[in-house]
Structure formats: C-alpha cells, structure tokens
Protein chains: 2
Amino acid sequence: MVNIQNSTDLYGRYLELFQKIADVKYAAAVLQWDQEIYMPVKGADSRARQLATLSEMAHNMFTDEKIGQLLQDLLERNDLPVNERRNVELSWYDFQKETKLSAAFVRLQSETTSRSFQSWIEARKANSFAIFEKDLALVIDLKKQEADQRGYEAHPYDALLNEYEKGCTVHFLDEVFSSIRQPLQDMLGKIRQQPQVNDSFLQQYFPREEQWAYGMALIKSLGFDLEAGRQDMSEHPFTTNFSASDVRVTTRIDEHDFNSMTWSCIHEVGHALYEQGLPTSEYGTPLGEYASLGIHESQSRLWENNVGRSRGFWQNQFPALQHRFPAQFKNEDAASFYKAINKVSPSLIRTEADELTYHF
Amino acid sequence: MVNIQNSTDLYGRYLELFQKIADVKYAAAVLQWDQEIYMPVKGADSRARQLATLSEMAHNMFTDEKIGQLLQDLLERNDLPVNERRNVELSWYDFQKETKLSAAFVRLQSETTSRSFQSWIEARKANSFAIFEKDLALVIDLKKQEADQRGYEAHPYDALLNEYEKGCTVHFLDEVFSSIRQPLQDMLGKIRQQPQVNDSFLQQYFPREEQWAYGMALIKSLGFDLEAGRQDMSEHPFTTNFSASDVRVTTRIDEHDFNSMTWSCIHEVGHALYEQGLPTSEYGTPLGEYASLGIHESQSRLWENNVGRSRGFWQNQFPALQHRFPAQFKNEDAASFYKAINKVSPSLIRTEADELTYHF
C-alpha cells in the first residue's frame, strides 16, 4: 500500500475501497432482483455461478489483509470526525466477522442458495415440498456450518441471528416471545368470544390490471419516489436496493383477495422509504446502510399496520378506493372497511393473506 | 501459482479463471440490460460506478500476469485437443490486446459511456442534440485515446475496428464500399424511374398491445426459446446475453408504423438465435462467444431480410397477421404485403423505419 500521510488520505482510501466493495454487492443484488422477476428458467445455472463469483469477489476484496491493516490504522487515529470514526468501527466489526468465512464457503453458499431458489419456485408452483426438500436440506446444512465458522456462545442460531440483529440471542428472543404468549392468547380468547367482523367483501373478484393500477397509485401516495425506484411483480414480494437512489419493490396479486397486494405494497414501501431516505453521500459505508433488519422491519410494519390499518389513513383513501372498485365496495364505507382490514383470526403465518410472507 | 503437472490440470485452471472473468462480464451485461430497460432515472450515477467497477475488475482479472503465464504455458503444450488449443490461442490474442489498456482507463471509459447513455436518452426524448453533445465529445475523445493505446498501422480507426472484426481496416472497407457505390446508385436510379409501390397501409394505427402480442408470437414462431430468453421494451432495440441459456432481446413499438417493431423483432431474434445456438459447454471461452460482430450481424440480417422480407415467409405468416389486424390489412394479400415491405427508397439511415437503428 502507498505510504499515506494524513487521516484524510487514509479515510479517502477507505471510502474508495468500500465503495468498490459496495459496487460488487449491489451488482449481485441486481442479478438477484432479475433472477426473481425476469430471468428465464434456463438461465438459472449460469446465474447461480455469476452470483457465486460476485459473492466470492466481494468477500475477497473485503477480507484482504490490506483492508484489515487500513482499518486498524484508522482506528488508531483520534482526529477522525465522529461519522467517519463510526464507519470505521462498524467496518472493523464486519471485517472480523467476514474473515471467519472462507472464500470457497461463501461461493458454495451463494451458488446453493441460488439453485435452491429455483427449486423453491418450482415447488411452489407444483405445490410439492418434495421438489424443494433436498435443496432446503443443503441450505440448512450450510447455515449450520456457517454458525460453526462464525462462532457462538450459547446457541448455534445466535451466530446467524447476529447477522440480522447484532447481539441478539435465542435466549433473549425466547424470553420476549414467552412473555407475550399468554397475554396474546388471552386477548385472542376474548376476541373469539365476540361476534366476528364480516370481511367477506375483501374476497371478491378484483381484476389484476385494476389492482396493479391501484397499487401503483397507492405506493406513490405513500411517498415512494418512482424516479428513484420501481415496482414489479414477483413470486414473493420483496424490497431490494442498488443505492439509496435505486430502490426496487415487488408485489403480487391475488384476484380473489384484496388484502394480498394492498398490504404487501404498503409493507414493502415501508422498507423502501427507509432505503430511499438513507444518505446518498454515505454510499458504500455502514452509515449508508440500514442499521439492522429489526429496524428495517420496524419501518415496514409502521407503514403496514400503524398507518395502513389506521382509521385516519382510510378515511382519506377510501373514496379513491371505492371509485376504483365501485361494484366491490358499493355497500361499504371507511368505517366498515377499517373494521374488516383489522379482523383478527388465528392462522399459520402472521398475515391474513394466506401466502403473504416477506423476504424481510 | 500451484505447480501443475499435466495439460488437463492446466487447461482446467484456464477454464476456471476464464469462466470467472465471464461471470463478471455477464454480470455487467445484466446491469446494462437493466439500465436500458428498467432502471429509474436517479439510479444512473450509482449504476455508472457499479458498471465501472465490474469493468475494472474483469480487466484486472484478465490482465493478471498469472493469466499471461498460464496462457504461455498452455501454448507450449502440443498435446491439447484442437478446441482447447484454439481457445488458448484466441485468449492469448485477447490478452495481448487487453494489456494495452490500463485499469484506470477501462474504468473511466465505462463510467463515461454509462453517463453518456443517460444523456443520450434525455436528448432523444427532448429531440435536442445539445443535451448529448458534451458527453458524446468525451466518448469520442476516449475512443481516440483507446485507438492510440491499442495501436494501429495506417488509420486510428483500424484499432477500434479490430475490436469488432479482427484484422479489418478502414482501407479494406473503403474499397468494399467504393466498389458497390456506383452499382447501387445505378440500381436506385432505375427503381426511381419505375412506378412506386404503395406501402401506405403499413402506416395506419396499430395499437401497442396488439403489436406486442403479435411480436411475441412472431419471435416464438422464428424459434426463439422463451425459456432461455425474453423480450422487453427499450428506447432502442438490442440483443444481449448472460449465457447461451439466457439471451435477452428488446424491441420498441411505433403505433403508426407497422415496420418499426416487426423488423426489429426479426432482426434481434436473428442475433438471439445465434447466441442461443452457441455451445453452453464452452461458457467463458472464446469458442463459447460469437466469432465477430460481422458474423453476428450476418445472422440478424439473414433473418431480417432473407427470411423476413421473403415471399415464402409471408405466404405462410400473412393469414395470421391479417387475422390479428383485420381492419388494417383487409384490402391486402400476401403478394401486396410482400411488395410493400420490400419498397426501396433513399433515407438517412439504412432501414425504412425512421428511427430504427441497432446496438449491433
């Protein structure tokens, strides 16, 4: 490495390297986005290896010993502005985590995940777990290996949980969930004893094209910047981004369930608004990235539930909705709609819409 | 590098390295594809740097001195099967060309080209050359620098021409074109003295959705494998590929000109059939790539003109076409249609459709 004299040069070098690593990671994200939305089926094998190579390269760039040395040099400086210092600290933390995995392992895991995505799609279409079973076993096995390589104190899943929420543990989450289990069951019991809300009007026929047009208007009204992002259709709704100025959401449409698309749009836009709001000046640094997946999900849930299921929101939105679907909502008003979308009933997954789950 | 004992190991190492370089190049192609079709406008800056990083990395991987050594070691072997030997020879030729450019230059050229693409799009929409002028000047200046770096004997453009068609020169092309100039002018003169074919029925209103549906049916009928490719809309029709199993074509639609989409579909599918026909087993090697852009264009023109403007093709296709657009073609038959699509008239660019040009 060249002989660097002052912190500004050193931090400039840090930025240059980390922005290039980000370029490769975001490039991989573009390939993944395409894989889930537009890629033809026979492209799966070459795409899996292309993604594996990008993952391997990003890993190699990041875990280069020159990066470790640069970060240590920067940590020794005490003249860095607070934002720069924080970036370096967080990068150092990530560096230590990343160096625990080998390039070969990163490559194998990336390739296996891509391939298993294809069999998951097939399995989902054929409604056959058998198609996905073998690949799922491979993925789980690699995740177990990853936990071992990353290291943990109490529980293997702690190592993986740490990737989503730093410092979070199985023990901590078990305590949280066990403490809310009984109160929730009590509440559900009371709800079940009450007359049930009629939400059957949400399960009428809502044509695909009109739902799509409504979804686009909805995400625009929520503040999603369509010059810095776009919405497409995918098997499974998700949000991804290639910078704060290029954030992609996806949705899906069930013509016989109004809930499916609508709350996936609101949920994903919650994620997207968080990404679009990140500082573009911090491209490639930890401060330009989401803080944690917990924080990310808090943003999507805030919009989905606190806004998207609120009375105030639909008092404002319902007339436009009724105008777009006059036949379906002719007997409803904002109040009955508000009640219906907040109906509580137990199901195997968290949302009312049968198949609505999220990448995050 | 590890000590390698036999040609099989050595060639295996060659394959491994060149397939990874191909992964990075194809990843860049995915980013370019997205840039031209789906990317939101504000994504331009981050996309330009992501593409620049991938170009720089592919260049660095390829020009690594270990690659040069490996190729030389392989060239010294006389026990390589003929296909493997040919791959190594072609890679060695490419290696020598690529090492003439610096990584910084490759990065700058990639970034400048991406940015100029954005201003070209803007300029095209605003029909204003001024918007594109400055970026175009930058691109041309870099192309001149590239010619100097690559080297040439007679004419700077020879260096650039060699990238498209090995060994081709300005002098050779000038001879070709000057020898056909007079005979073509004579032929055009004779055509102009004849009564002109009426092709005005091709400039009626052809709704976008129906043209799209027709274009999809058309490319399928030509043998384009939609499980190993797809078609999208773009400002400018082009073909790209991310392997022989994932070939993407684009088209555009002019609702007042039937020619525009139809022959761009046929032309691009000509390119695409060539790419889909390349051997998947040669992924990442020269034998898995198109031979030259001249050969590539020969395939697109074969389909566009020799097939797509032939009497036999439309004798077969015309009934389906008439069925899709009954009002527009009610007074026509295969013979009058065949005549109209072969009407010859001088224009500023090669095709009858005003704005139809090609990436290649």
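To be clear, the structure that these remarks concern was listed above.
Now for a look at the structure at hand. (Residues numbered from 1 in each chain as written. Chains lettered and ligands numbered in written order. Predicted model: local features only at pLDDT ≥ 70, side-chain atom pairs only at ≥ 80, totals over all residues. Heavy atoms only, no water.)

Side note on the sheet that holds strand β3 (residues 246-251) of chain B
Residues and elements named next belong to chain B.
Line of reasoning, step 1. Overall, mixed pairing links the three strands, which are arranged β1-β3-β2 in an open sheet. The open sheet has two free edges, formed respectively by β1 (229-233) and β2 (239-243), since each of these has just one partner strand. Strand-to-strand, the axes of this sheet are offset by a mean angle of 20 degrees, without reference to chain direction.
Line of reasoning, step 2. Here four bridges tie β2 to β3, and the two strands are oriented antiparallel to one another. (Pairing = 2+ DSSP bridges. Helix = DSSP H or I, 4+ residues; strand = E, 2+ residues; numbered from the N terminus. Axes fitted to C-alpha atoms, helices over the stretch in contact; angles between N-to-C directions.)

Concerning empty space enclosed by the protein
Residues and elements named next belong to chain A.
Line of reasoning, step 1. Considering all chains together, one arrives at three cavities of 30 Å³ or more under this definition.
Line of reasoning, step 2. Within this model, the largest cavity holds a volume of roughly 70 Å³.
Line of reasoning, step 3. Lining the largest cavity, in full, are Tyr 26, Asn 241, Ser 243, Ala 244, Glu 275, Leu 278, Pro 279, Thr 280, Glu 282, Tyr 283, Gly 284 and Gly 288.
Line of reasoning, step 4. Each residue belonging to the lining of the largest cavity can be placed in one class, and the counts come to five nonpolar, five polar and two charged. (1 Å grid on protein atoms, 1.4 Å probe; cavity = no way out; pocket = protein on both sides within 12 Å on 5 of 7 lines; lining within 4 Å. Points joined across faces, edges and corners; volume = space filled by probe spheres on them. Nonpolar A, V, L, I, M, F, W, Y, C, P; charged D, E, K, R; others polar.)

Considerations on the sheet that holds strand β2 (residues 239-243) of chain A
Residue and element names in this part refer to chain A.
Line of reasoning, step 1. Taken in spatial order, the three strands make up an open sheet running β1-β3-β2, and their pairing is mixed. With partners counted over all chains shown, the strands left at the sheet margins are β1 (229-233) and β2, one partner each. Going from strand to strand, the sheet's axes swing by 20 degrees on average, the running direction of each strand aside.
Line of reasoning, step 2. Taken together, the five bridges between β1 and strand β3 (residues 246-251) define a ladder with parallel strand orientation. For Gly 229, the partnering residue across the bridge sits in β3 and is Val 247.
Line of reasoning, step 3. The sheet strands contacting helix α10 (residues 258-276) are β1, β2 and β3, and the helix crosses β3 at an angle near 165 degrees. (Contact = heavy atoms within 4.5 Å.)

What to know about the packing of aromatic side chains
Line of reasoning, step 1. All told, the structure shown has 53 aromatic pairs over all chains when counted by the stated rule.
Line of reasoning, step 2. Measuring from centroid to centroid gives 5.3 Å for Phe206(A) and Phe325(A), while their planes differ by 80 degrees, and the two rings are edge-to-face. Of the two residues, Phe206(A) sits in the loop between α8 (170-193) and α9 (208-221) while Phe325(A) sits in the loop between α12 (311-324) and α13 (334-341), which places them 119 residues apart along the sequence.
Line of reasoning, step 3. On the basis of relative accessible area, Phe325(A) is assigned to the buried category, the value being 0%.
Line of reasoning, step 4. A centroid spacing of 5.2 Å and a plane angle of 85 degrees characterise the contact between Phe313(B) and Trp314(B), whose relative ring orientation is edge-to-face.
Line of reasoning, step 5. For Phe313(B), a relative accessible area of 13% gives the class buried.
Line of reasoning, step 6. Here a set of aromatic residues connected by ring pairs shows up, and it is made of Phe201(A), Phe206(A), Tyr214(A), Phe258(A), Trp263(A), Phe313(A), Trp314(A), Phe318(A), Phe325(A), Phe329(A) and Phe337(A).
Line of reasoning, step 7. Here Arg248(A) stacks its cationic end above the ring of Trp33(A), 4.6 Å away from the centre of that ring. (Phe/Tyr/Trp six-rings, centres within 6.5 Å; stacked < 30°, edge-to-face > 60°. Buried < 20%, exposed > 50% of the residue type's maximum accessible area, 1.4 Å probe, protein only. Lys NZ or Arg CZ within 6 Å of the ring centre and 35° of its normal.)

Description of the environment of Gln145(A)
Line of reasoning, step 1. Locating Gln145(A) in the fold gives a position in helix α6 (residues 129-150).
Line of reasoning, step 2. Between the C-alpha atoms of Gln145(A) and Asn241(A), which are 96 residues apart in sequence, the distance is 28 Å.

Some thoughts on the pattern of salt bridges
Line of reasoning, step 1. Applying the stated criterion across every chain yields a total of 44 salt bridges over all chains.
Line of reasoning, step 2. A salt bridge links Lys143(B) to Glu146(B), with the nearest nitrogen and oxygen atoms 3.0 Å apart. Of the two residues, Lys143(B) and Glu146(B) are both situated in helix α6 (residues 129-150); the distance of three residues between them amounts to about one turn of the helix.
Line of reasoning, step 3. Looking at Glu146(B), the relative accessible area reads 3%, which means it is buried.
Line of reasoning, step 4. When salt bridges with common partners are traced through the structure, they connect Lys97(A), Lys143(A), Glu146(A), Arg150(A) and Glu163(A) into a single cluster. (Salt bridge = Lys/Arg side-chain N within 4 Å of Asp/Glu carboxyl O.)

Quick notes on the packing of α9(A) against α12(A)
Residues and elements named next belong to chain A.
Line of reasoning, step 1. Two elements in contact, α9 and α12, have axes whose closest approach is 11 Å; the angle formed by their N-to-C orientations is 150 degrees. The angle between the axes of α9 and α12 places the two elements in the roughly antiparallel class. Crossing of α9 over α12 shows right-handed handedness. When α9 is examined against α12, the residues Glu 210, Ala 213, Tyr 214, Ala 217, Leu 218 and Ser 221 are found in contact with a partner set consisting of Phe 313, Trp 314, Gln 317, Leu 321 and Arg 324. (Parallel < 35°, antiparallel > 145°, perpendicular 65-115°, else oblique. Left-handed = near helix turned anticlockwise from the far one by under 90°.)

Some words on the nonpolar core
Line of reasoning, step 1. Within the largest apolar cluster, 36 residues are counted, with the highest numbers of intra-cluster contacts made by Leu31(A), Trp33(A), Leu54(A), Leu31(B), Trp33(B) and Leu54(B).
Line of reasoning, step 2. At the level of secondary structure, the elements contributing two or more residues to this core comprise α1 (7-37) and α2 (44-63) of chain A together with α1 (7-37) and α2 (44-63) of chain B.
Line of reasoning, step 3. Residues within four places of Trp33(B) in sequence aside, it is in contact with Trp33(A), Asp34(A), Tyr38(A), Tyr38(B), Arg230(B), Asp232(B), Phe238(B), Thr240(B), Phe242(B) and Arg248(B). (Core = buried A, V, L, I, M, F, W, Y, C linked by side-chain atoms within 4.5 Å.)

Notes on a nonpolar patch on the surface
Line of reasoning, step 1. Side chains of Phe172(A), Val176(A), Phe177(A), Ile180(A), Leu184(A) and Met187(A) sit close together on the surface and give an oily, nonpolar patch of about 560 Å² of accessible area.
Line of reasoning, step 2. In this structure, Ile180(A) sits in helix α8. (Patch = residues over 30% accessible without salt bridge, like charges linked within 9 Å, V, L, I, M, F, W, Y side chains within 5 Å. Areas by Shrake-Rupley, 256 points an atom, 1.4 Å probe, with all protein chains shown as cover.)

Some points on the interface of chain A and chain B
Line of reasoning, step 1. Contacts between the two partners involve 38 residues from chain A and, on the opposite side, 38 residues from chain B.
Line of reasoning, step 2. In this structure, the connection of chain A to chain B is made through ten salt bridges.
Line of reasoning, step 3. Residue Asp246(B) is joined to Arg47(A) by a salt bridge in which the shortest nitrogen-to-oxygen separation is 3.6 Å.
Line of reasoning, step 4. Applying the counting criterion to the chain A and chain B interface returns 26 residue pairs in polar contact (both at pLDDT 80 or more).
Line of reasoning, step 5. Of all elements in the fold, only α1, α2, β1, β2 and β3 of chain A reach the threshold of two or more residues within the side of chain A that touches chain B.
Line of reasoning, step 6. Broken down by element, the side of chain A that touches chain B gets its largest block of residues, ten residues, from α1(A).
Line of reasoning, step 7. Of the residues that constitute the side of chain A that touches chain B, the class distribution is 17 nonpolar, eight polar and 13 charged. (Polar contact = N/O pair within 3.5 Å; in protein donor to acceptor, adjacent residues only side chain to side chain.)

Overview of helix α4 (residues 82-98) of chain A
Residue and element names in this part refer to chain A.
Line of reasoning, step 1. With 17 residues, α4 ought to run about 24 Å at 1.5 Å a step, and its terminal C-alpha atoms sit 24 Å apart, in line with that.
Line of reasoning, step 2. Within the sequence span of α4, burial applies to Asn 87, Val 88, Leu 90, Ser 91, Trp 92, Phe 95, Lys 97 and Glu 98.
Line of reasoning, step 3. The inward-facing, buried residues of α4 contact α1, α2, α3 (65-76), α6 and α7 (156-164). (Expected span 1.5 Å × (residues − 1).)

Thoughts on the environment of Gly308(B)
Residues and elements named next belong to chain B.
Line of reasoning, step 1. The topology assignment puts Gly 308 in the loop between α11 (293-307) and α12 (311-324).
Line of reasoning, step 2. As for Gly 308 and Arg 252, which are separated by 56 residues in sequence, their C-alpha atoms are 17 Å apart.
Line of reasoning, step 3. Apart from residues lying up to four places away in sequence, Gly 308 is in contact with Trp 263, Ile 266, Trp 303, Phe 313, Trp 314 and Ile 341.

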